[in-house]
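What follows is each chain in one-letter form.
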Amino acid sequence: MSGKLSKYLAVIFLTLLIWWWAFSLQLQPVSLTGTLEKLPTADPSLLVTFTGPSTNAPQRLIVLRALNFRGAPSKIAELRQRMRLPQNNPNRERLNFYYTPQEPGTYVLDVPDYLQKTTKMAELALTLESCEPSQVTVNVERLEEKRLSVQVVDENGLIRGANAEPAWVNVYVRPSYNEPAIVKLSAQQLQTARERPITVKPYVDMGVAGIVRDAEESVTVTLQSVQLLQSKPFQPQTIGFIISPELAGKYSIQLANEADLKSRVQLRVSEAAFAEYQKRAYHLLIEVRPGDERLPEIPPRPVIYNFPREYVAKGEIELVESTTEKTAVFKLVPVNPAQIP
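Residues numbered from 1 in each chain as written. Predicted model: local features only at pLDDT ≥ 70, side-chain atom pairs only at ≥ 80, totals over all residues. Heavy atoms only, no water.

(A) Up close: the environment of Y107. Here Y107 shows up in strand 5 (residues 105-110). Along the chain, Y107 and N139 lie 32 residues apart, while their C-alpha atoms are 6.5 Å from each other. When near neighbours in sequence (up to four residues on either side) are disregarded, Y107 contacts Y99, V136, T137, V138 and V140. At 2.8 Å, the side chain of Y107 and the backbone oxygen of E103 are in polar contact. Polar contacts involving the side chain of Y107 include one to the main-chain carbonyl oxygen of P104, which spans 3.3 Å. (Helix = DSSP H or I, 4+ residues; strand = E, 2+ residues; numbered from the N terminus. Contact = heavy atoms within 4.5 Å. Polar contact = N/O pair within 3.5 Å; in protein donor to acceptor, adjacent residues only side chain to side chain.)

(B) Summary view of the layout of surface pockets. When its volume is computed, the largest pocket comes out at roughly 560 Å³. Lining the largest pocket are 21 residues, and of these V150, A162, V312, A313 and K314 sit closest to its centre. By residue class, the composition of the lining of the largest pocket is twelve nonpolar, four polar and five charged. Taken as a whole, the second largest pocket spans an internal volume of roughly 300 Å³. Lining the second largest pocket we find 16 residues, and of these K38, L39, P40, I211 and R213 sit closest to its centre. Of all the secondary-structure elements, those providing two or more residues to the lining of the second largest pocket are strand 1 (28-38), strand 2 (46-51) and strand 15 (212-214). (1 Å grid on protein atoms, 1.4 Å probe; cavity = no way out; pocket = protein on both sides within 12 Å on 5 of 7 lines; lining within 4 Å. Points joined across faces, edges and corners; volume = space filled by probe spheres on them. Nonpolar A, V, L, I, M, F, W, Y, C, P; charged D, E, K, R; others polar.)

Written out as structure tokens, the structure is:
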């Protein structure tokens, strides 16, 4: 009886040994590459950058090298097959992993541990044993939603006669940012916009890691036909002063070259903009700055052409480039010298 038991136990042992050997063969390793970046659908008010051990510069994404997976041969073969599919195939596996930010702050992320807990790893049904880098620093900033004007540009700068509708859009930006949101048109888009309106999304460059933030809404861009703008002479008739109430009550302004300032200039302008500019209360403005009253002589000051802002934004009114810039020559005279310290 004991001999039969010994043979029976030996058979069980050999069977278990064969099973273990077969199972260990199934757990094949594979080393691949991938990326880690912010989840595109995460809170748009959070700006996320990564810093790896090989660079001090913040990055939009981290390239993951030597992603060492282990798993069943069928799963490894399936992964390899999906990674060999053409670039435009929606089933191609790219091993793009995503970080979901929670709160502003700076965090040290254990990369293999974080990736193993992602939905993608569950779908792959593999084990991630290691990767490079194994740790990254994640910086999360809180952005502020602001309503910004829209500026249309091309590779050479501001486009004359470009009009965006709506002219203001909401964008998440850093609290200190107060510049316009940008619409940058390619040469092809420029050509199309001259023929018909085009729809695009303005954006703001975050100034770090090449990250941009798109506006929440698209705008329709139209380009003013060059033929709508004409070169017209204009003779300013009225001059106003920008001066603080404190100085206005204590000083009068003596303008030495009024006749020169009111001499004719050449404008490049649409009919509507020209008519609106003619109706302005002041055609020219001169800025009186704090501290001018203490200067023995005020340097000549460039005048401000009081063009209607809405037409400036549309590129429908401007000085002809060859026009010489006019400067105001003036001095401040105390109204009551005895009261001036």
